[in-house]
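Below are the chains, spelled out letter by letter.
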Amino acid sequence: MSDTPNTELQANHLTYQPSGVTSPILSDVSYTFLKGHMTALLGPNGSGKTTILRHFLSQIKSPDGAVLIGGKDAQEYLPKERSRILSWVPQSSNSSENAFTVEDVVLMARYPYKGTWEDDSEEDFRIADEAMRTVDVLDFKKRDFNSLSGGERQRVLIARALTQKTPWILLDEPTSNLDVRHQLQIMKIVREKVDEKTTSAVVVMHDFNMVERYCDRVVLLKNGKIVATGETKDVMTTDLLSKVYEVDFDIIEKDGKRLFFPQEGK
Amino acid sequence: MKKGPLKTWTLTVAGGSLALLLVIVVIWAVAVGSVSVPFSQSARIVAARLPFVDKEALLNGIPRSNKLIIWDIRLPRVLLAGLVGGGLAAAGVVMQALFRNPLSDPQVLGISSGAAFGAAVAIAFGITFTVSGISSIWLFAFAGAMLTMLLVFRVARIATSRSVTGILLAGIACSSMLTAAITLLMMWNHEKLEQIYLWMLGSFSAATWVKVGFMGIVLVGAVICFFLLGRDLDLLSFGDHEAQSMGVSVKRTRTIAVVATSLLVAASVSVSGIIGFVSLIIPHIMRMLAGPKNRRLIPISLLGGAIFMIFCDMISRTAVPPHEIAVGAITQVTGAPFFLYLLWKERRKGEE
């Protein structure tokens, strides 16, 4: 899968405050995302969840030594090297002005493995087909990507990330555009890939019930600071959640899983 | 390539047909003009210059004057039109990918205005000399284009880190400034107004073999760069962040592409003046044929641009003899309505 099997993602006293912003977006965030887990980044809007992902993707310049991939500063990676370790499912894709087909878009994720003049091989097509089958988009692989609905696009982006064959997948609210069936489908696929040890995942999420059901670790954030980290059952408590969200919760147990109900009026 | 062998096959046929059409248009274009040379003679005169042919047999019975007209006057002109047309079209493809905007074309970088300003300075101050086939007006135009390019990049870098918008804004600003300067030059030099104005409209009437060679070298260099970056440009159309997450070195790709495009446009404008809309419409039409992938679109656009420009230049020479219509006027007359159509289509898409 990858030439770097023990690549952990590590934030090391990461503080981020762009010039002209009064309070830091991230302050002193330290956490090591462990291999073999599906870790949720949880927190209210503006708590810095996406910003953490963007640092690992080097979309934001980080201080030296603050963001490490496999022990090496994230910024020291060439884009092509990094893209063999991290794939990214953005919240929504910038649609291209060009009429690329779904298959074209998914195949783009083979770029990290291609020489300049190399064309897509049989193997690349096979990998892309398999990924498209996994997320149920194979039927419309010849359709124009721009003509798809939000949910269909989201699934194509996940197929693209799977096609990239990376030991890590970073997902930014992957279920936000999906109906409930596809929400479950996507989370289940990612969970299965993690269980198979094919990949490890970091997921920015808002839905407690999805986190409870699929993620085994949680990083709870508020105002750019880590409030709690650990196993899902230890972090997702009424105490911590109401402190962070300033909303009270009821928790109902069913089949060994907990369901979270926010209450009105605090 | 498995993505439908049919599609690749049709594309090869389309490419082949365009190449054939280009050869026919070249021979046709050199045959017509104030002195009409029969099609068969012009074909033989052109063919006689190819390697490994029996020159004597081919040229037998063709008047010397026809050979001169075809070889020394018309052929360089036709080839230059083809090279410039192909180059502008390829530059347009790359610009549209880089700026993620179907309406961007090399003129917005201000390079064309820079070239026009350089030429206007040379004409207005009467700086006219020729060194081994290279005229001062051409030199000034090229220098003007390059200086504008450097200025635009410099300003864009200082102004903002968001390089794309920065370059576009700096280009537009420089462009209007230079156009105003050209207008002033024309007002102060009434007697040269027509000459400057004609240059701004674009023409291939001053074509020489030296210009053909120069343009050919720049075009080959730029097209090699575009091909190297073909895949990167495909990914870049999804925006910098997504492209980077899939492994594209965004900054390097942008730098190489912008510099190669600028050199190509600077060279084109310096040999022919400002010829608008080719770089805008040809990529759009060819995209319908070749699809969005840049490695396919670029060669098809090269051929399409060359055919279109040679055809327009032929009209410019032959429509109202003995006068010439500026070729830029012809490309604009055909291009502007198409531009409006694109805007209209965009708006409809927004309303849906």
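Worth saying up front: this structure is predicted, and the values here are computed from it rather than measured.

**A look at the overall build of chain A**
Part 1 of the reasoning: Along its length, chain A carries 9 helices and 12 strands.
Part 2 of the reasoning: What you see for chain A is a C-alpha radius of gyration of 19 Å, in line with the 18 Å of a compact globule of 266 residues.
Part 3 of the reasoning: By principal-axis analysis of the C-alpha atoms, chain A measures approximately 55 × 45 × 35 Å.
Part 4 of the reasoning: In chain A, which comprises 266 residues, the share counted as buried stands at 53%.
Part 5 of the reasoning: At a minimum sequence separation of 6, the contacts of chain A that also span at least 24 residues come to 63%.
Part 6 of the reasoning: Across chain A, the centroid of the 34 positively charged side chains sits 1 Å from that of the 40 negatively charged ones.

**Here's the deal with the overall build of chain B**
Part 1 of the reasoning: Of the regular secondary structure elements, chain B holds 15 helices and 2 strands.
Part 2 of the reasoning: In terms of C-alpha radius of gyration, chain B reaches 21 Å, essentially the compact-globule figure of 20 Å for 352 residues.
Part 3 of the reasoning: Projecting the C-alpha coordinates of chain B onto the three principal axes gives extents of approximately 65 × 60 × 40 Å.
Part 4 of the reasoning: Looking at chain B residue by residue over its 352 residues, the buried ones come to 53%.
Part 5 of the reasoning: Nonlocal contacts in chain B, meaning residues at least 24 apart in sequence, comprise 75% of its contacts between residues at least 6 apart.
Part 6 of the reasoning: As displayed, chain B has an accessible area near 15,800 Å², and 70% of this comes from carbon and sulfur atoms.
Part 7 of the reasoning: Across chain B, 29 positive and 15 negative side-chain charges occur, with their mean positions spaced 6 Å apart.

**Quick notes on the domain arrangement of chain A**
All names here are of chain A.
Part 1 of the reasoning: Along its sequence, chain A is organised into domain 1 (1–85 + 167–266) and domain 2 (98–165).
Part 2 of the reasoning: Once you take the C-alpha centre of each, domain 1 and domain 2 turn out to be 25 Å apart.
Part 3 of the reasoning: At the boundary of domain 1 with domain 2, total buried surface from both sides reaches about 1,500 Å², with 60% on carbon and sulfur atoms.
Part 4 of the reasoning: Counting every contact that joins domain 1 to domain 2 gives 0 salt bridges.
Part 5 of the reasoning: Across the domain 1-domain 2 interface, the total number found is 6 residue pairs in polar contact (both at pLDDT 80 or more).
Part 6 of the reasoning: Broken down by secondary-structure element, the contributors of at least two residues to the side of domain 1 that touches domain 2 are β7 (168–172) and α6 (180–195).
Part 7 of the reasoning: The element contributing the most residues to the side of domain 1 that touches domain 2 is α6, with 6 residues.
Part 8 of the reasoning: Across the side of domain 1 that touches domain 2, the residue classes tally to 8 nonpolar, 4 polar and 5 charged.

**A few points about helix α5 (residues 111–124) of chain B**
All names here are of chain B.
Part 1 of the reasoning: Across its 14 residues, α5 extends 20 Å between first and last C-alpha, which sits within 8% of the 20 Å expected from 1.5 Å per residue.
Part 2 of the reasoning: Among the 14 residues that make up α5, 13 are buried, leaving the element largely enclosed by the rest of the structure.
Part 3 of the reasoning: Two residues or fewer after α5 comes Gly 126, characterised by a positive phi angle close to 60°.

**As for the interface of chain A and chain B**
Part 1 of the reasoning: Each partner contributes to the interface: chain A provides 41 residues, whereas chain B provides 27 residues.
Part 2 of the reasoning: Across the chain A/chain B interface, buried area totals approximately 3,100 Å², and carbon plus sulfur atoms make up 55% of it.
Part 3 of the reasoning: Summed over the shared surface of chain A and chain B, the result is 3 salt bridges.
Part 4 of the reasoning: Of the charged contacts, one joins Asp104(A) and Lys293(B) as a salt bridge, the two residues approaching to 3.3 Å between their closest N and O atoms.
Part 5 of the reasoning: Put simply, chain A and chain B have 8 residue pairs in polar contact (both at pLDDT 80 or more) between them.
Part 6 of the reasoning: Looking at the side of chain A that touches chain B, the elements that each hand over two or more residues are α2 (79–82), β6 (86–89), α3 (102–107), α4 (122–134) and α5 (150–163) of chain A.

**Some remarks on the packing of aromatic side chains**
Aromatic ring pairs are described here by two measures, namely the spacing of the ring centres and the angle between the planes.
Residues and elements named next belong to chain A.
Part 1 of the reasoning: Counting across every chain of the model gives 13 aromatic pairs over all chains.
Part 2 of the reasoning: With 5.9 Å between their ring centres and 85° between their planes, Phe 33 and Phe 56 make a pair best called edge-to-face. Placement of the pair is Phe 33 in strand β2 (residues 26–33) and Phe 56 in helix α1 (residues 49–56), with a sequence separation of 23 residues. In this pair, the class of Phe 33 matches that of Phe 56, namely buried.
Part 3 of the reasoning: Connected via pairs of aromatic rings, a cluster forms that spans Phe 208, Tyr 245, Phe 249 and Phe 260.

**Side note on the pattern of salt bridges**
Part 1 of the reasoning: Throughout the structure, instances matching the rule amount to 24 salt bridges over all chains.
Part 2 of the reasoning: Ionic pairing is found between Glu242(B) and Arg160(A), a salt bridge with its closest N-O pair at 2.8 Å. Of this pair, Glu242(B) sits in helix α11 (residues 240–245) while Arg160(A) is found in helix α5, placing the two residues in two different chains.
Part 3 of the reasoning: Looking at Glu242(B), the relative accessible area reads 2%, which means it is buried.
Part 4 of the reasoning: By relative accessible area, which is 2% here, Arg160(A) ends up buried.
Part 5 of the reasoning: Salt bridges sharing partners connect three or more residues here, namely Glu103(A), Asp129(A), Lys141(A) and Lys142(A).

**A word on helix α9 (residues 238–245) of chain A**
Part 1 of the reasoning: Within the span of α9(A), buried status applies to Leu240(A), Leu241(A), Ser242(A), Val244(A) and Tyr245(A).
Part 2 of the reasoning: Taken from the residues just after α9(A), Glu246(A) is the one with a positive phi, measuring 55°.

**Considerations on a nonpolar patch on the surface**
Residue and element names in this part refer to chain B.
Part 1 of the reasoning: A cluster of nonpolar side chains, Leu 20, Ile 24, Trp 28, Phe 39, Phe 311 and Ile 315, forms an exposed patch at the surface whose accessible area comes to about 550 Å².
Part 2 of the reasoning: The set of elements that each furnish at least two residues to the nonpolar patch consists of α1 (5–31) and α14 (294–318).
Part 3 of the reasoning: Ranked by the residues each element gives to the nonpolar patch, the list is headed by α1, at 3 residues.
Part 4 of the reasoning: Tracing the backbone through its elements, the reader meets Phe 311 in helix α14.

**Quick look at the pairing of strand β8 (residues 200–205) of chain A**
All names here are of chain A.
Part 1 of the reasoning: With 6 of 6 residues buried, β8 lies mostly within the body of the structure.
Part 2 of the reasoning: Judged by which residues are buried, β8 turns out to be covered on both faces: Ser 200, Val 202 and Val 204 on one side and Ala 201, Val 203 and Met 205 on the other are all buried.
Part 3 of the reasoning: Here strand β3 (residues 38–42) runs beside β8; their pairing, made up of 5 bridges, is parallel. Bridge assignment links Ala 40 to a residue of β8, and that residue is Val 203.
Part 4 of the reasoning: The sheet contact formed by β7 and β8 spans 5 bridges and is parallel.

**Thoughts on the sheet that holds β6(A)**
Residues and elements named next belong to chain A.
Part 1 of the reasoning: Ordered by their spatial adjacency, 6 strands build an open sheet running β6-β7-β8-β3-β9-β10, and the pairing between neighbours is mixed. Both edges of this open sheet fall to β6 and β10 (225–231), since each of them pairs with a single strand only. With strand direction ignored, the average angle separating the axes of adjacent strands in the sheet is 15°.
Part 2 of the reasoning: Strand direction decides the pairing type here: β6 and β7, joined by 4 bridges, are parallel. Bridge pairing in β7 places Val 89 opposite Leu 171.

**Here we look at the sheet that holds strand β4 (residues 67–69) of chain A**
Residues and elements named next belong to chain A.
Part 1 of the reasoning: Sheet architecture is open: 4 strands sit in the order β2-β1-β4-β5, paired in antiparallel fashion. In this open sheet, the two strands that pair with only one neighbour each are β2 and β5 (72–73).
Part 2 of the reasoning: Pairing of strand β1 (residues 9–16) with β4, which is carried by 3 bridges, proceeds in the antiparallel orientation. Residue pairing across strands places Gln 10 opposite Leu 68, the latter belonging to β4.

What counts, and at which threshold
Residues numbered from 1 in each chain as written. Chains lettered and ligands numbered in written order. Predicted model: local features only at pLDDT ≥ 70, side-chain atom pairs only at ≥ 80, totals over all residues. Heavy atoms only, no water. Helix = DSSP H or I, 4+ residues; strand = E, 2+ residues; numbered from the N terminus. Rg over C-alpha atoms; globule rule 2.2 N^0.38 Å. Buried < 20%, exposed > 50% of the residue type's maximum accessible area, 1.4 Å probe, protein only. Contact = heavy atoms within 4.5 Å. Lys, Arg positive; Asp, Glu negative; His and termini not counted. Charge placed at Lys NZ, Arg CZ, Asp CG, Glu CD. Areas by Shrake-Rupley, 256 points an atom, 1.4 Å probe, with all protein chains shown as cover. Domains from an automatic or database assignment. Buried area = accessible area lost by both parts, 1.4 Å probe. Salt bridge = Lys/Arg side-chain N within 4 Å of Asp/Glu carboxyl O. Polar contact = N/O pair within 3.5 Å; in protein donor to acceptor, adjacent residues only side chain to side chain. Nonpolar A, V, L, I, M, F, W, Y, C, P; charged D, E, K, R; others polar. Expected span 1.5 Å × (residues − 1). Phe/Tyr/Trp six-rings, centres within 6.5 Å; stacked < 30°, edge-to-face > 60°. Patch = residues over 30% accessible without salt bridge, like charges linked within 9 Å, V, L, I, M, F, W, Y side chains within 5 Å. Pairing = 2+ DSSP bridges. Axes fitted to C-alpha atoms, helices over the stretch in contact; angles between N-to-C directions.

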